Every structure is written in structure tokens, then in C-alpha cells.
Amino acid sequence: MSRAGVSIRHATDLNAPPPPDQDETCPVCKTTRYFNRDMEFRINPECYHRMCKTCVERIFKDGPNQCPYAGCHKTLRLRGFKTAFFADLAVEREVDIRRRVAAVFNKVEEDFETLDDYNEYLERVEVLTCDLVYGTDEQRRKAEAELGEWEVKHKADIERNRRLARETADARQRRIAAEEEEARQRRLREHQEELEEKANAKRFREEMLDSLQSAEMGRATEAMDKIMLKKRGHNKRDAALGAAGSSGLSIRGLREKKAVVVENKPYDPYGGVRVMPERVDLSPEKLALYSNEWVEETRTKPKFKAGGYSPDEYLTRALFEAFSGLGVFVDEEKVERSVATAGAKEAAMTGDTGGRMDVDDPF
């Protein structure tokens, strides 16, 4: 029996979620949400027994007190209660334990000389965490002792890593804030430029109409030339001012994308490689000079042209094949080969075989 005179006969299992009828009922005062729609539940990381906010304030407002759950002898304090983030209290407990272990074992990979040492450190942390979450009472006591011993032994390193983590988080927040501010300023500039462009277009149109209206008879073209010259001067000035005032800050993900310049040229399946011969002129005028009986027949009779046949293509291919070997020297392309026998080598050099052929007798 606790000092507040409140006790519960049956302790609940953290690994099992509360029944549906108890999910909206306080296990201590038996108040349901049906009668109190503003009821809030609280838990304490010491034992993770849930109770309503009214019971927490009533039992623990005068100081530390024992948990009202039967069989739970934990001493709880009012400041230790919080609202559960997860509906499953087992998950809530594991998350809190992992957060507490990570606050003590807060080394990073840069603190180790080799990757194997870092992996062993991570394995040790995970084993310790599993003992605290799923281990027996003896394993939990050993894990708690190891956790406390590590915290006392590496207190300076823990504080240093916490400070570095805070600095890293602050730097990340500053970078994100700078990127957001730069993006906002860029959007404002683009909007302002769009408004100015519309205003300039409207002013240019009005000036053009006024100039055409006030121009003398037959001087409309001259007036238009003056207006266009003035407009080009304004465009050059705006471009120079924009280049001079451009910011040198490079924001990741917000860089201006350069448009790919696509030249208006016919499609080249060879990718710019020259496949036509350069030692012969294949212009239509030169191809017309090549003539024979068969070529003239294909040029004059419609039955050849109807099928799409072109004598110029035939001449081009023939000339290409004829001149493709120019500039290629066979002696430079040959690979020196070894000769099997001395007699064969002499015959190859002199060309004299003596009218006979020597062969080895295999028998």
C-alpha cells in the first residue's frame, strides 16, 4: 500500500498492449474517457506504468512516492512523468533505452583507427542495448553497471562528442537557413525582374506607337530603327548590370541550369566522323563527267529512276572503294614472320627454289 492509499492488484505486462476496454481507462482511478474527454495519460521511464494526469498529480505532487501498481516497488517523482509517444509501451521503453545508451556511447567512426575497431564498438553497444531491453534481471544489472562505468571512465570524451554534435547541428541549421534565405531572395529577384520586363515591354510599345504617330510621312521605318536601337542599348546595359551584381554564393540544389545549345543541323548518324573520301571530288558536277553505256542508261530511262536508284550513289561508292587504299603502305602494315627452315628463308629472299621442293619424310 502506498502513502496515498492507492494500490492495484494485478501488474500489467509491458510486452502486451492494454485491452481495448482499458485503453481509455485509467488503471488507478478507473476513470474512462467517456466521463472525462480531456483525460491525458502519463508514464514514468522508471517502470512505464500508465496512469492519468489527475492521478499523477494527486499521488506525486507532495514528493516522491511508490508506484501504485501492485508488485512495482519503484519510487517515482512527478518530474519524471511524460506523455508516451508510441501506443505500444514496449516500443516506448526500447526507444528511451536506446536514446540513453546513445548519449553515453556517442563515439563516431572518426574516433577509431580502423573500421574493425569501429564495428566492434558498435557490436558492443548493440549487445549492451539488447541486454537492457530484453535481458534478464541479472543481465540488466550487469548492463547498467557497464553503462555507468563507461560514463565515468570516458566522461571527458562524452562531453567533447556532445559539444561537437551540437556544433555540427548548429552549422547544419545555419546552412539550411542560408539556403532558404538565398532561395527566397532569388525568387524575389526573379519576380521583380518579371515585373520590370513587363513594364519595359509596355513602355516600349507605347513609345513605338507615339513615335509612329508623330513621325513624318514616309519616316516610319527610320523611327522604328531608332526605337530598336534604343531597346538594344537598354538590353546590353541590363545584361552588364546583372553580370556585375550576380552573387558568388553557390547554393546546393539551387544552381542555375544551363540550357543545352542545340544547333539546327541535319542529323549525322556518324557523329561528326568524316567517312567520305578526301582525295577525290564527289560533287554532282564531277560525277556527271563519269559516263559509260550502263550509267547513261540508268540516267535516262525512267524505269530505273522509279525504283529510287541513283547512278551518283553507284559512282560515289565505286570511287570511294577505288581511293580508299591511298595513303596505306603495305610494308608498314606487314608483320615480320619467322621462316621454318634456312632453305625456305633463302628461297623467300632470292625467289629461287631450284626446281625442287624438300619435304620431311614422316616415315
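What you see as residue numbers is a count from 1 along each chain, following the sequence as written. The predicted origin of the model limits local features to residues at a pLDDT of at least 70 and limits the giving and counting of side-chain atom pairs to 80 or more, whereas totals for whole chains, interfaces and linings rest on all residues. Excluded from the side-chain calculation are hydrogens and water; included are all heavy atoms of the structure.

(A) Expanded view of the pattern of salt bridges. The working definition used for a salt bridge is a side-chain nitrogen of Lys or Arg within 4 Å of a carboxyl oxygen of Asp or Glu. Per the stated rule, a full pass over the model turns up 17 salt bridges. Between arginine 98 and glutamate 126 there is a salt bridge whose closest N-O contact spans 3.0 Å. Of this pair, arginine 98 sits in helix α2 (residues 89-104) while glutamate 126 sits in helix α3 (residues 115-134), and the two are 28 residues apart along the sequence. Relative accessibility decides the category of a residue: with a 1.4 Å probe and only protein chains considered, values under 20% of the type maximum give buried, values over 50% give exposed, and everything between is partly exposed. Residue glutamate 126 is classed as partly exposed on the basis of its relative accessible area, which comes to 34%. Numbered from the N terminus, helices here are DSSP runs of H or I no shorter than four residues, and strands are runs of E no shorter than two.

(B) Looking closely at a nonpolar patch on the surface. The grouping of Phe85, Phe86 and Val91 at the surface amounts to a nonpolar patch, some 300 Å² of accessible area in total. Note that phenylalanine 85 resides in the loop between β4 (75-76) and α2. Patches here: salt-bridge-free residues with over 30% relative accessible area, like charges joined within 9 Å, nonpolar side chains (Val, Leu, Ile, Met, Phe, Trp, Tyr) joined within 5 Å. Method for areas: the Shrake-Rupley scheme with a 1.4 Å probe, in which residue coverage is limited to the protein chains shown.

(C) Inspection of the nonpolar core at higher detail. By size, the foremost hydrophobic cluster in this structure holds 16 residues, and its most contacted members are Cys26, Met51 and Phe60. Elements represented by at least two residues in this core include exactly β2 (51-52) and α1 (53-60). Considering every element that reaches this core, the biggest residue donor is α1, with 4 residues. In terms of nonpolar packing, the next biggest core, distinct from the first, is built from 15 residues, Val101, Tyr121, Val125 and Leu132 among them. For our purposes a nonpolar core is just a set of buried Ala, Val, Leu, Ile, Met, Phe, Trp, Tyr and Cys residues, chained together by side-chain atoms within 4.5 Å.

(D) Just unusual backbone geometry, in detail. Positive phi values are uncommon outside glycine, yet lysine 30 reaches one of about 65 degrees. The topology assignment puts lysine 30 in the segment before β1 (41-42). Although it is not a glycine, tyrosine 48 sits at a positive phi angle of roughly 60 degrees. By the element assignment, tyrosine 48 lies in the loop between β1 and β2. Given the relative accessible area of 5%, tyrosine 48 is considered buried.

(E) Fine view of the packing of aromatic side chains. Side-chain rings of Phe, Tyr and Trp (the six-membered ring for Trp) are treated as a pair once their centres are within 6.5 Å; stacked means planes under 30 degrees apart, edge-to-face means over 60, and tilted covers the remaining angles. One pass over the structure, following the stated rule, counts 8 aromatic pairs. On the numbers, 4.7 Å between centres and 20 degrees between planes, the contact of phenylalanine 105 with tryptophan 150 is stacked. Linking phenylalanine 105 in the loop between α2 and α3 with tryptophan 150 in helix α4 (residues 137-153), this pair joins segments that are 45 residues apart in sequence. On the basis of relative accessibility, which here comes to 6%, the residue phenylalanine 105 falls in the buried class. On the basis of relative accessible area, tryptophan 150 is assigned to the buried category, the value being 10%. Centroid distance phenylalanine 112 to tyrosine 121: 5.1 Å. Interplanar angle 45 degrees. Geometry classified as tilted. Taken individually, phenylalanine 112 and tyrosine 121 each receive the classification buried, so the pair is uniform in this respect. The criterion is that NZ of a Lys, or CZ of an Arg, lies within 6 Å of the ring centre and within 35 degrees of the ring normal, and then a charge sits over that ring. Over the aromatic face of phenylalanine 41 sits the side chain of arginine 50, whose NZ or CZ is 4.0 Å from the ring centroid.

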